[in-house]
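Structure at a glance
Now for the letters of each chain:
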There are 2 protein chains.
Amino acid sequence: MTAATTRFSYEGLFSERSEDSPINSVAHAEYDFAVAYPAPETSPMDGLIGALQTAMDSRGDEVARNMAYYPQPAGSPELREYAAWKLEYDRGFKVGIDDILITAGSGEAIGLAIQALTNPGDTAITEHFVYSGTLNQLQRFGNTVYGSETDDDGLVPEALDELISKLSAKGKKPKMIYTIAEHQNPMGPTLPLDRRGAILEIAHRHGVPIVEDECYVDLRFDGEVQPAFRTLDDSGIVIHVASFSKLLAPGLRMGYFTAAPEVLRRAMSCKIGSGPNQFASYAIEGFLRNSLDEHRERFNPLLKQKCDAMDESLSDNFTDVGATWSKPQGGCYTWLTMPEGTDITSPRDEIFAEGVGYNGGVGFAPNGDGQNCARLCFAFETPEKCYDGIEKLAKLFKKRGLM
Amino acid sequence: MTAATTRFSYEGLFSERSEDSPINSVAHAEYDFAVAYPAPETSPMDGLIGALQTAMDSRGDEVARNMAYYPQPAGSPELREYAAWKLEYDRGFKVGIDDILITAGSGEAIGLAIQALTNPGDTAITEHFVYSGTLNQLQRFGNTVYGSETDDDGLVPEALDELISKLSAKGKKPKMIYTIAEHQNPMGPTLPLDRRGAILEIAHRHGVPIVEDECYVDLRFDGEVQPAFRTLDDSGIVIHVASFSKLLAPGLRMGYFTAAPEVLRRAMSCKIGSGPNQFASYAIEGFLRNSLDEHRERFNPLLKQKCDAMDESLSDNFTDVGATWSKPQGGCYTWLTMPEGTDITSPRDEIFAEGVGYNGGVGFAPNGDGQNCARLCFAFETPEKCYDGIEKLAKLFKKRGLM
């Protein structure tokens, strides 16, 4: 047998569910506001490695044995227990270890909830601008997504009620309301308490579950955290998603969610492969058990400095041109809105090549608008670079007659 | 807003793709031959932690920065490069970093290949008894699976040819041939070189891709490794899957595969969520780059002791009853075949409760036979427990009149 000389042809062999999609490496601009990452200088790598070492030193046999097993599909018992503890400590509601599923980042949790609840042809509701990862997953699993009206405080309950009624009248009652109520991605607001109550009432009246994504809840540097939908309502209508990625390091790929037992069972049936990474689970659980508050107290003031620096530079460079931007109390993003008719989405790649990365608004819009908007991540760069990069962005916009 | 008092009903809300499936914890018997794990005492946890620490000490800023990014969807560049190097070093074929996708264990790689190639209603071919994880994934994505005849050396080429012809004549040409040619799971054999050549010729003639799963290739303690299908054929017809799980620790959840670029692109489009765990990637790449051979030289002699102990106990306890069992040259499993008509699959749970875990043959059979067979994993327990557990198994079989 010698090596074949002609290529094997896959013509006609690929599935309908697959697409010919490029395998991109992620590139980074000099001023990288296009990312969705916290600051690398806050990633507690030494603490995580130390936690692994401590686990080995104190109970090495048990750790080695658990590493030799395939991970429990639902996640490591230690991390599920810790997640349940954290939900009660931070969010004031009580769930048991069996009510928690650990996932490869919150993205997997959201994907499982979508798969458990929706069939191709179904509809789902999100904020008018929504985390593009969720938008993509909803669409990929065959849903038509409707963005519901938002203002500076987030979802407007009356508009949500009306949208659900309109869709239901057409036989298209949505299968879920997906929302990031704390430091919304991409727009930034925290939904006020009274709106949360109103939205719960609407959801119950129409019989539509709420998927609440709290992946930014640990990243608060101003204002007051609001009670989670899940804190306000334990009927099972709320699917509560959270993450360790933003708090510690996205490279750990570790999130979790809690929901009614019947939802968790359905979600598990959609899971591919075995459980989450046991190695990273030991590191996370060991580190956070001793250092959760300490880490947040170190992390969030730095995030505030960055947010303030970007805000100052936006004030200095974008005030006179009719632009507005959000002033978040936490999270990673500011949402920039240029005057109606300005297209800052199309030149995104050129401007990236000239040194400033951002995400054009269109990628976050179920209805495809947002050409005049951009998501700016302040969490990754230093405060100095946050200031300078926005100054440079203004120059690059001006050069193109965009302001 | 107060907590709701009635449960929210999900009646009519769940998707057709989901099922109400229990979230099981994995239980372990006193003598655990039902697992699919290597020995916990060989899991190089200290080496993995040391590799992370070395990476931090030597290039901490870069590591922290990469941990702050979301992982590249295709996997960390360092680990892809290492995987390409290892394939050339161990298997003698050359691929570039762009030809490698890192996955959450080899299970994800197999799942992606299945999704890229098959539509519901398609057919696929495996060995007569096949790794149950692959069987489950093939069926879950809607395939009808046909096990092709095997003997003590593995797949019989003539029977494979005939099966493909028969299926093709019915308009059901298989979309893939899945095989574990080194230390097959569950039966144990290594496929001889001449059969590999014959099977490649058959695959080309019919135009059917081969998915070659080499997750046990590092676990050889006897005999000679055979050239991989991919070593023999670089036409693109072979999709080559490998894993770090068996070599290091399943808890790391790290596998990879290489295939024709168009297959990789299709597979990537089926991937959910972002890339593999960067934290574990650093640990694996750092550890193996310095210790691959040393680790295998420590690991495999121990595996041989265990295999020999189990074989000795099978000889001492199962010889007179007409049972046969395989004598693998590596991997994790011995395949026990009791006389035709003996059902050792049904009492599996009872015997587990009495202290000996094994996998009944039926779970590995596309056609549902194998009631008289069991997969016995020798890799996990000590040599002593391998001997004693088989002795106990014989007692428990005798107690039930099964021998």
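The structure reproduced in this document is the subject of the present report. The structure displayed is predicted, hence computed values, not measured ones.

Details of the pattern of salt bridges
Applying the stated criterion across every chain yields a total of 59 salt bridges over all chains. Residues Glu88(A) and Lys94(A) are paired through a salt bridge, measuring 3.3 Å at the closest nitrogen-oxygen approach. For Glu88(A), a relative accessible area of 37% gives the class partly exposed. Across the salt bridge formed by Arg296(B) and Asp218(B), the nearest N and O atoms sit 2.6 Å from each other. Residue Arg296(B) is located in helix α9 (residues 278–318), and its partner Asp218(B) is located in the loop between β8 (210–213) and α7 (229–232); the two are separated by 78 residues in the primary sequence. Residues Arg296(B) and Asp218(B) agree in their burial class; the two are buried. Counted as one network, the salt bridges with shared partners bring together Arg59(A), Glu62(A), Glu78(A), Glu285(A) and Arg289(A).

Observations concerning helix α1 (residues 45–68) of chain A
Over its 24 residues, α1(A) extends only 24 Å from the first C-alpha to the last, a length that falls short of the 34 Å expected when each residue adds 1.5 Å. Met45(A), Leu48(A), Ile49(A), Ala51(A), Leu52(A), Ala55(A), Met56(A), Gly60(A), Val63(A), Ala64(A), Met67(A) and Ala68(A) are the residues of α1(A) that are buried. Buried positions along α1(A) lie against α9 (278–318) of chain A together with α1 (45–68) and α9 of chain B.

Some details on the relation of the copies chain B and chain A
Here chain B sits on chain A after a turn of 180° about the axis and a move of 0.0 Å along it, with an RMSD of 0.0 Å. Between the two chains, the operation in question is that of a two-fold axis. A shared interface surface links the copies, since 100% of the contact residues of chain B are contact residues in chain A too.

Overview of the interface of chain B and chain A
Contact with chain B, which involves 100 residues of that partner, is made by 100 residues of chain A. Counting each side, the surface lost to burial between chain B and chain A is near 9000 Å², with a carbon and sulfur contribution of 60%. At the surface where chain B touches chain A, the tally comes to 2 salt bridges. Measuring nitrogen to oxygen at the nearest pair gives 2.5 Å for the salt bridge that ties Asp20(A) to Arg265(B). Across the contact surface, chain B and chain A share 40 residue pairs in polar contact (both at pLDDT 80 or more). At the level of secondary structure, the elements contributing two or more residues to the side of chain B that touches chain A comprise α1, α3 (105–117), α4 (132–140), α6 (193–206), α8 (261–269) and α9 of chain B.

With respect to the nonpolar core
Counting residues in each nonpolar core, the largest one holds 93 residues, and the members touching the most others are Ile239(A), Phe318(A) and Phe397(A). Ignoring any residue separated from it by four or fewer positions in sequence, one finds Phe318(A) in contact with Ser313(A), Ala323(A), Trp325(A), Leu336(A), Met338(A), Ile390(A), Leu393(A), Ala394(A), Phe397(A) and Met403(A). Membership of the second largest hydrophobic core comes to 91 residues, among which are Phe141(B), Ile180(B), Leu314(B) and Val356(B).

Cut-offs and rules
- Residues numbered from 1 in each chain as written.
- Chains lettered and ligands numbered in written order.
- Predicted model: local features only at pLDDT ≥ 70, side-chain atom pairs only at ≥ 80, totals over all residues.
- Heavy atoms only, no water.
- Salt bridge = Lys/Arg side-chain N within 4 Å of Asp/Glu carboxyl O.
- Buried < 20%, exposed > 50% of the residue type's maximum accessible area, 1.4 Å probe, protein only.
- Helix = DSSP H or I, 4+ residues; strand = E, 2+ residues; numbered from the N terminus.
- Expected span 1.5 Å × (residues − 1).
- Contact = heavy atoms within 4.5 Å.
- Least-squares fit on C-alpha atoms with pLDDT ≥ 70 in both.
- Buried area = accessible area lost by both parts, 1.4 Å probe.
- Polar contact = N/O pair within 3.5 Å; in protein donor to acceptor, adjacent residues only side chain to side chain.
- Core = buried A, V, L, I, M, F, W, Y, C linked by side-chain atoms within 4.5 Å.

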